[in-house]
Protein chains: 2
Amino acid sequence: MVDIARLAGVSTSTVSRALNQSSLVNEETRIRIAELARSLNYSINIGAKNLRLGQNRTVAVVVPYDAQTQQHLSDPFFLSMLGSLADALTEQGLDMLLSRIDAERLDTAAHFYDAGRAIGIILIGQWRHHDQLNELASRRVPVVVWGAQLPQQLYCTVGSDNVHGGFLATEHLLALGRRKIVFFGDTNLPEVAQRFEGYRNALAQNNMEFDPLLCVPVSFIAESAKEAVHDLCRRNVAFDAIFACSDLLAMMAINTLREHNLHVPQDVAVVGYDDIELARYFHPPLTTIGQPIQSAGHALVNSLLSQINGDRVKPQFLPTQLIVRATSKRTALPD
Amino acid sequence: MVDIARLAGVSTSTVSRALNQSSLVNEETRIRIAELARSLNYSINIGAKNLRLGQNRTVAVVVPYDAQTQQHLSDPFFLSMLGSLADALTEQGLDMLLSRIDAERLDTAAHFYDAGRAIGIILIGQWRHHDQLNELASRRVPVVVWGAQLPQQLYCTVGSDNVHGGFLATEHLLALGRRKIVFFGDTNLPEVAQRFEGYRNALAQNNMEFDPLLCVPVSFIAESAKEAVHDLCRRNVAFDAIFACSDLLAMMAINTLREHNLHVPQDVAVVGYDDIELARYFHPPLTTIGQPIQSAGHALVNSLLSQINGDRVKPQFLPTQLIVRATSKRTALPD
DNA sequence: GTGAAAGCGCTAACAT
DNA sequence: ATGTTAGCGCTTTCAC
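Residues numbered from 1 in each chain as written. Chains lettered and ligands numbered in written order. Predicted model: local features only at pLDDT ≥ 70, side-chain atom pairs only at ≥ 80, totals over all residues. Heavy atoms only, no water.

> Residues and numbers for the overall build of chain A, please.
When its secondary structure is counted, chain A shows 13 helices and 12 strands. For chain A, whose C-alpha radius of gyration is 25 Å, the value lies well above the compact-globule estimate of 20 Å for 335 residues. Projected onto the principal axes, the alpha-carbon positions of chain A cover approximately 90 × 40 × 30 Å. Going through the 335 residues of chain A one by one, you find that 55% of them count as buried. Counting contacts in chain A only where the partners sit at least 6 residues apart, residues at least 24 apart contribute 72% of the total. Within the structure as shown, chain A displays about 14,400 Å² of accessible surface, and the carbon and sulfur contribution to it stands at 49%. Seen as two clouds, the 29 positive and the 34 negative side-chain charges of chain A have centres 6 Å apart. (Helix = DSSP H or I, 4+ residues; strand = E, 2+ residues; numbered from the N terminus. Rg over C-alpha atoms; globule rule 2.2 N^0.38 Å. Buried < 20%, exposed > 50% of the residue type's maximum accessible area, 1.4 Å probe, protein only. Contact = heavy atoms within 4.5 Å. Areas by Shrake-Rupley, 256 points an atom, 1.4 Å probe, with all protein chains shown as cover. Lys, Arg positive; Asp, Glu negative; His and termini not counted. Charge placed at Lys NZ, Arg CZ, Asp CG, Glu CD.)

> Could you give an account of the pattern of salt bridges, with specific residues and numbers?
Per the stated rule, a full pass over the model turns up 24 salt bridges over all chains. Note that B:R235 is salt-bridged to B:D231, the shortest N-O span being 2.8 Å. B:R235 sits in the partly exposed class, given a relative accessible area of 44%. The partly exposed category is assigned to B:D231, whose relative accessible area is 27%. Residues joined in a network through salt bridges with shared partners are A:D66, A:E104 and A:R128. (Salt bridge = Lys/Arg side-chain N within 4 Å of Asp/Glu carboxyl O.)

> Explain the protein's contact with DNA strand D to me, using residue names and the numbers behind them.
Around DNA strand D, 24 residues are found, and the nearest of them are A:Y42, A:R52, B:S13, B:T14 and B:R52. Near-protein atoms of DNA strand D (within 4 Å) split between backbone and bases, with sugar and phosphate holding 55%. Backbone polar atom of A:N45 to a phosphate oxygen of DNA strand D: 3.0 Å apart, as the coordinates give it. B:S11 places a polar main-chain atom, nitrogen or oxygen, 2.6 Å from a phosphate oxygen of DNA strand D. Counting only elements with at least two residues in the surface near DNA strand D, the list comes to helix 2 (12-19) and helix 4 (46-53) of chain A together with helix 2 (12-19) and helix 4 (46-53) of chain B. Per element, the largest residue contribution to the surface near DNA strand D is 4 residues, and it comes from helix 4 of chain A. Here the residues of the surface near DNA strand D sort into 9 nonpolar, 10 polar and 5 charged. (Near = heavy atom within 4 Å. Polar contact = N/O pair within 3.5 Å; in protein donor to acceptor, adjacent residues only side chain to side chain. Nonpolar A, V, L, I, M, F, W, Y, C, P; charged D, E, K, R; others polar.)

> Kindly report on the relation of the copies chain A and chain B, identifying the contributing residues and their values.
Superposition of chain A onto chain B requires a rotation of 180° combined with a translation of 0.1 Å along the rotation axis, giving an RMSD of 0.1 Å. What we have between these two chains is a two-fold relation. Judged by C-alpha distance, A:L97 is the residue of chain A that lies nearest the rotation axis, at 2.2 Å. (Least-squares fit on C-alpha atoms with pLDDT ≥ 70 in both.)

> Pulling in residues and values, what's your account of the protein's contact with DNA strand C?
Of all residues adjacent to DNA strand C, which total 23 residues, the nearest are A:T14, A:R52, B:S16, B:Y42 and B:R52. For DNA strand C, the fraction of atoms within 4 Å of the protein that belong to sugar or phosphate moieties is 59%. One of the side-chain N or O atoms of A:R52 is found 2.9 Å from a base nitrogen in DNA strand C. A per-element tally of the surface near DNA strand C places helix 4 of chain B first, with 4 residues. Looking at the surface near DNA strand C residue by residue, the classes come out as 9 nonpolar, 9 polar and 5 charged.

> Help me get a handle on the interface of chain A and chain B, residues and values and all.
Contacts between the two partners involve 40 residues from chain A, matched on the other side by 40 residues from chain B. Carbon and sulfur atoms supply 59% of the area buried between chain A and chain B, which totals about 3,900 Å² over both sides. Looking at the side of chain A facing chain B, the largest losses of area belong to A:L79, A:R117 and A:Y281, adding up to 18% of the total buried there. At the surface where chain A touches chain B, the tally comes to 4 salt bridges. The partner of B:D95 in a salt bridge is A:R117, and the shortest N-O contact between them spans 2.6 Å. (Buried area = accessible area lost by both parts, 1.4 Å probe.)

> Talk me through the packing of helix 8 (residues 162-175) of chain A against helix 9 (residues 190-205) of chain A; I want residue IDs and the actual numbers.
Residues and elements named next belong to chain A. One way to put it is that helix 8 packs onto helix 9 with a least axis distance of 7 Å and a crossing angle of 40°. Classed by the angle they form, the pair helix 8 and helix 9 counts as oblique. Considering the relative orientation of helix 8 and helix 9, their crossing is right-handed. Of the residues in helix 9, those in contact with N162, V163, G166, F167, T170, E171 and L174 of helix 8 are E191, Q194, R195, E197, G198, Y199, N201, A202, L203 and Q205. Classifying every residue of the contact of helix 8 with helix 9 gives 6 nonpolar, 7 polar and 4 charged. (Axes fitted to C-alpha atoms, helices over the stretch in contact; angles between N-to-C directions. Parallel < 35°, antiparallel > 145°, perpendicular 65-115°, else oblique. Left-handed = near helix turned anticlockwise from the far one by under 90°.)

> I'd like a description of the UniProt feature "domain: HTH lacI-type" (unreviewed entry) in chain A, backed by residues and values.
This chain's UniProt record puts "domain: HTH lacI-type" (unreviewed entry) on residues 1-53 of chain A. What you have in residues 1-53 of chain A is 68% helix and 0% strand, and the ends, taken at the C-alpha atoms, are 17 Å apart. (UniProt positions renumbered as here; feature names shortened; annotations may be inferred.)

> Tell me about the domain arrangement of chain A, residues and numbers included.
As assigned here, chain A comprises domain 1 (2-44), domain 2 (52-160 + 293-318) and domain 3 (162-291 + 322-328). If you average the C-alpha positions of domain 1 of chain A and of domain 2 of chain A, the two centres end up 38 Å apart. (Domains from an automatic or database assignment.)

> Can you lay out unusual backbone geometry for me, pointing to particular residues and giving the numbers?
The general pattern is negative phi for most residues beyond glycine and trans for most peptide bonds. Cis peptide bonds are those with omega within 30 degrees of zero, and the linkage from B:V264 to B:P265 qualifies with 5°. One can find B:P265 in the loop between helix 11 (247-259) and strand 9 (269-274). Even without a glycine there, the phi angle at A:N207 is positive, about 55°. Mapping A:N207 onto the fold places it in the loop between helix 9 and strand 7 (215-216). A:N207 sits in the exposed class, given a relative accessible area of 72%. Even without glycine at this site, B:W127 takes up a positive phi of about 50°.

> An account of the packing of helix 5 (residues 76-91) of chain B against helix 13 (residues 293-308) of chain B is requested, with residue identities and associated values reported.
Residue and element names in this part refer to chain B. Between helix 5 and helix 13, the least distance of the axes is 8 Å, while the angle of their chain directions is 50°. By the angle between their directions, the pair helix 5 and helix 13 is classed as oblique. Remark: the crossing between helix 5 and helix 13 carries right-handed chirality. Where helix 5 approaches helix 13, its residues F77, S80, M81, S84, L85, D87, A88, L89 and E91 are matched on the opposing element by I293, Q294, A296, G297, H298, L300 and V301. Here the contact of helix 5 with helix 13 is composed, by residue class, of 9 nonpolar, 5 polar and 2 charged.

Okay, here's the thing in structure tokens:
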């Protein structure tokens with residue numbers, strides 16, 4: 001900037017004002033300075049500007065990385081979420097600092113805020129550490145979490161209506177006449193627990209008893225669905241439907257069923273969760289529960305900004321929607 | 001920091017030194033300061049530190065966004081790449097600033113560098129603007145591009161060996177006895193053009209003539225593969241194999257072939273490109289060309305760092321590999 | 001309309 | 001081993 005000032009024959013104050021479109025500066029000099037800056041490929045140093053202004057336009061987006069189950073960025077659902085966030089942040093003129101942290105230490109996400117790197121944190125997935133997130137919130141670190149709303153929650157979440165989603169999926173399978181519906185998911189994770197709650201609600205509403213044998217604790221990595229199916233077959237568990245907590249699990253389950261010579265949807269109907277882009281292209285096209293990813297990005301960013309703005313923000317639910325495709329088509333049931 | 005200094009009864013210099021593990025500071029006071037800092041959730045302000053030191057540990061990762069074809073972050077391949085980059089950057093203690101830019105204005109990516117936000121740029125995909133990238137490089141903006149090596153290239157690329165990949169795929173199909181191999185891809189894109197070159201090389205090596213009818217300009221969005229297949233069938237073009245430039249295109253093509261009652265691999269063998277995670281889970285499991293994504297992240301980051309370090313860096317090729325699965329199984333050819 | 005000077009939070013000579 | 005001081009690149013009072 002000092003170079004520009006010298007070349008333009010003015011002081012740095014004037015250059016600063018010119019480059020910030022101040023109305024106090026002469027139109028003619030402003031243009032001269034602007035052109036000089038462009039020809040030198042000069043841009044204002046954002047770091048210095050932020051330091052001086054005590055401001056910042058960066059948001060940290062943090063994807064927890066589960067060392068145990070290895071589900072990190074592998075699920076396409078995350079990618080859609082990142083895309084949606086990138087759009088929403090760009091719209092607000094915010095930059096996105098992307099990072100991964102150990103899912104067991106969600107509290108470390110605060111570092112970006114403490115170190116002044118970011119004005120707030122968007123955490124994709126809440127995993128098992130409700131307590132750590134509460135601690136962040138009580139420290140007044142601006143944070144929004146994509147996940148489920150839990151009792152005694154101090155932090156702000158945005159998430160889809162998991163209970164309703166689980167209910168929709170199960171109700172749909174029941175309406176098809178399926179009676180032995182397997183649930184695939186790790187109920188230790190809050191979101192999955194809520195989907196499971198919806199599953200049980202649907203059963204209860206249809207006066208059906210819940211069979212613990214049919215609830216299989218499957219992590220989010222695809223291989224675990226494969227093993228789960230093998231296991232069910234090995235143990236001769238009778239089932240005529242699967243509700244899987246992610247599309248990836250559903251797809252993997254379908255492929256594994258095929259190995260056991262079980263047909264989808266004739267022998268086993270399958271419903272997934274997320275409605276990732278590939279669900280539509282899968283064979284057979286996958287019935288699933290859609291989450292409104294586009295709104296998700298905006299909702300997360302808006303919540304964060306309100307919070308930074310000092311407003312009290314409430315957890316937010318986004319609607320879920322049943323998308324019926326071929327894996328749950330009505331067919332003559334095998335006996 | 002001044003607060004900590006006051007509370008610890010020392011000067012800010014001492015606090016600074018203590019927090020930076022300087023050996024000049026008394027062990028006892030260092031511990032006292034460290035504990036004070038922890039209890040106050042204090043972290044050094046990175047912006048100020050960077051300003052003072054004239055350093056920076058942030059790399060901008062830029063994903064061009066093609067307004068025309070809308071391929072932005074939708075391809076799972078990008079996600080793997082982001083994951084790989086996140087790993088490689090973290091390993092080096094670098095932060096990742098993620099953003100999307102208009103694919104027609106790749107030069108705007110330099111802004112992050114000019115504004116001091118990042119020490120360099122990693123661009124995922126080179127698209128159509130070789131010239132803009134050359135301009136960046138001649139301005140000495142540290143930049144590495146995931147893409148193809150082109151003639152008269154001033155910037156550094158890292159990419160898979162596309163020519164070889166295209167060759168492998170085509171050679172494989174020819175070895176299966178396929179004779180009318182359709183190529184799906186937009187040869188305006190350098191990487192695709194190279195895969196096409198490999199395709200033609202394989203044909204030439206087998207003394208086969210290239211039929212322009214069989215080269216279909218398909219963009220990277222899935223829907224275009226669908227239309228392309230419909231179009232081929234409508235025009236009664238005879239073909240017995242497809243080599244698609246991405247797995248997504250291959251999958252979509254397979255689904256569309258099914259609508260035309262064409263069986264994969266019996267009627268039409270299919271080979272994709274990328275080996276995305278879902279390729280293995282698809283039905284039938286997809287034969288494809290694998291790119292070493294894990295090494296890709298490291299290669300990109302290392303190239304960038306060498307460049308910043310002042311070394312001359314050369315474009316880098318990563319090996320491609322044929323992964324044979326079910327969509328190209330040897331079968332009795334229909335006549 | 002423009003310039004001089006102070007200060008954002010930090011570190012590194014240079015003292016002591 | 002610790003304190004003093006200057007300055008990183010910028011913006012913004014306060015003068016003129």
